[in-house]
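Commentary on secondary and tertiary structure
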Amino acid sequence: MKERVHFSPVILDPNTAYRWLHLSDDLTSVRFGETKLQLPDNPERCTERPIVLGSEGFSSGKHSWEVDVGDHQVWFLGVAKESVDRKVELSPSPEDGIWCLRFHTGNYTNGEGKTLPVTKNLQRITILLNYDTSEVSFYNSEDRTHIYTHRDTFTERVFPYFGVGKAGNAKTAEIKICQTEIPL
């Protein structure tokens, strides 16, 4: 009998979470809440955008994680450089140190605002970070089709980046980092 262990490749960092974002107890999902949380204004907290970062940054190698977005109406997924200014309202763009895929008002765009030719609604996104080649790629997890790749030059650690807006009339209120399974 083969045994398997499940783990989350990314854990959210509650110290970076915007005050309106509610994290799950296991720190693998996030939703925009109905109430503003009373949290300390620590230096790493994102105070002007509804974002949260992963707890571990990367400065070399290949890393991947999968995110279940379901039918959520507003989300941003990717990576952000460690020194990104978390106390101002930034545009989630490479100029501001954020490389992401965005979904808002029914459109998929890259971090530069270019609309991407996505033909069906994405439910799960795979993010592949290759730090050594300074690339962040996004794939439809269901059929492994490539969506977009950001190519840049990373000069410092980058952290998984998650932005989430209000769910509106979506059935999916939260976005969730999917567990990975490894055989023992």
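As shown above, the structure is provided for reference.
First, a word on scope: everything that follows refers to the structure included in this document. Throughout this description, residue numbers start from 1 for each chain and increase along the sequence as written. Local features in a predicted model are, by the rule used here, given only for residues with pLDDT of at least 70; side-chain atom pairs are given and counted only at 80 or more, and totals for whole chains, interfaces and linings are based on all residues. The side-chain figures draw on all heavy atoms in the structure; neither hydrogens nor water molecules are used.

Quick notes on the overall build of the chain
Rules: Helical segments are the DSSP runs of H or I of at least four residues, strand segments are the runs of E of at least two, and each set is numbered from the N terminus. Based on C-alpha atoms, the radius of gyration is set beside the globule rule, defined as 2.2 Å times the residue count to the power 0.38. Each residue is assigned to one of three classes by its accessible area relative to the maximum for its type, calculated with a 1.4 Å probe on protein chains only: buried under 20%, partly exposed between the two thresholds, exposed over 50%. Contact between two residues is taken to exist if any of their heavy atoms lie within 4.5 Å; hydrogens are not considered. Here the open area of atoms and residues is found with the Shrake-Rupley method and a 1.4 Å probe, where only the protein chains shown may cover a residue. In this count, Lys and Arg are taken as positive residues and Asp and Glu as negative ones, while His and the chain termini are left out. Where a charge sits is defined by one atom per residue type, namely NZ (Lys), CZ (Arg), CG (Asp) or CD (Glu).
Counting its secondary structure elements, the chain contains zero helices and 14 strands. Ordered by position from the N terminus, the helices and strands of the chain form the series β-β-β-β-β-β-β-β-β-β-β-β-β-β. A globule of 184 residues ought to have a C-alpha radius of gyration of about 16 Å, and the chain, at 16 Å, matches this closely. Across the 184 residues that make up the chain, the buried fraction comes to 47%. Counting only contacts in the chain whose residues sit at least 6 apart along the sequence, the fraction spanning at least 24 positions is 64%. Looking at the chain as shown, the accessible area adds up to about 9,600 Å², and 47% of this sits on carbon and sulfur atoms. Each charge class in the chain was averaged separately, 21 positive and 26 negative side chains, and the resulting centres sit 3 Å apart.

Things to note about unusual backbone geometry
You will see that leucine 27, though not glycine, has its phi angle at about 60°, which is positive. A positive phi angle, near 55°, is found at serine 134, a position not held by glycine. Mapped onto the elements, serine 134 comes out in the loop between β9 (124–130) and β10 (135–140). Judged by its relative accessible area of 8%, serine 134 is buried.

Focus on the packing of aromatic side chains
Rules: Here is the rule: rings of Phe, Tyr and Trp (six-membered ring for Trp) pair when centre to centre is within 6.5 Å. Planes less than 30 degrees apart are stacked, more than 60 are edge-to-face, and the remainder are tilted.
Per the stated rule, a full pass over the model turns up seven aromatic pairs. Summarising the aromatic geometry, the rings of phenylalanine 58 and tryptophan 65 are spaced 6.2 Å apart at their centres and angled 25° between planes, so their arrangement reads as stacked. Judged by relative accessible area, which is 7%, phenylalanine 58 ranks as buried.

A few points about the sheet that holds strand β12 (residues 158–164)
How we decide: Strands were regarded as paired on the criterion that DSSP finds at least two bridges between them. To get an axis, fit a line to the C-alpha atoms, keeping to the stretch in contact for a helix; angles then go from 0 to 180 degrees between the N-to-C directions.
Strand order across the open sheet formed by five strands is β4-β12-β6-β7-β8, with antiparallel pairing between neighbours. The open sheet terminates on both sides in strands that have one partner only, identified here as β4 (51–53) and β8 (107–110). Taking the axes of each pair of neighbouring strands and ignoring which way they run, one obtains an average angle of 15° across the sheet. With six bridges joining them, strand β6 (residues 75–81) and strand β7 (residues 98–104) adopt antiparallel strand pairing. Paired with tryptophan 75 across the bridge in β7 is phenylalanine 103.

Considering the pattern of salt bridges
Spelled out, the test is: Any carboxyl oxygen of Asp or Glu within 4 Å of a side-chain nitrogen of Lys or Arg constitutes a salt bridge here.
The tally for this structure, following the rule as stated, stands at six salt bridges. Lysine 120 is paired through a salt bridge with aspartate 143; the nearest N and O atoms lie 3.7 Å apart. Here the residue lysine 120 occupies a position in the loop between β8 and β9, and aspartate 143 occupies one in the loop between β10 and β11 (146–151), the gap between them amounting to 23 residues. By relative accessible area, lysine 120 is classed as partly exposed at 40%. Here glutamate 135 makes a salt bridge to arginine 151, at a shortest N to O gap of 3.0 Å. Here the residue glutamate 135 occupies a position in strand β10, and arginine 151 occupies one in strand β11, the gap between them amounting to 16 residues.

Some points on the pairing of β7
Most of β7 is tucked away, with six of its seven residues classed as buried. Bridge count for β7 against β8 is four bridges, and the pairing is antiparallel. By the bridge assignment, leucine 101 is partnered in β8 with asparagine 110.

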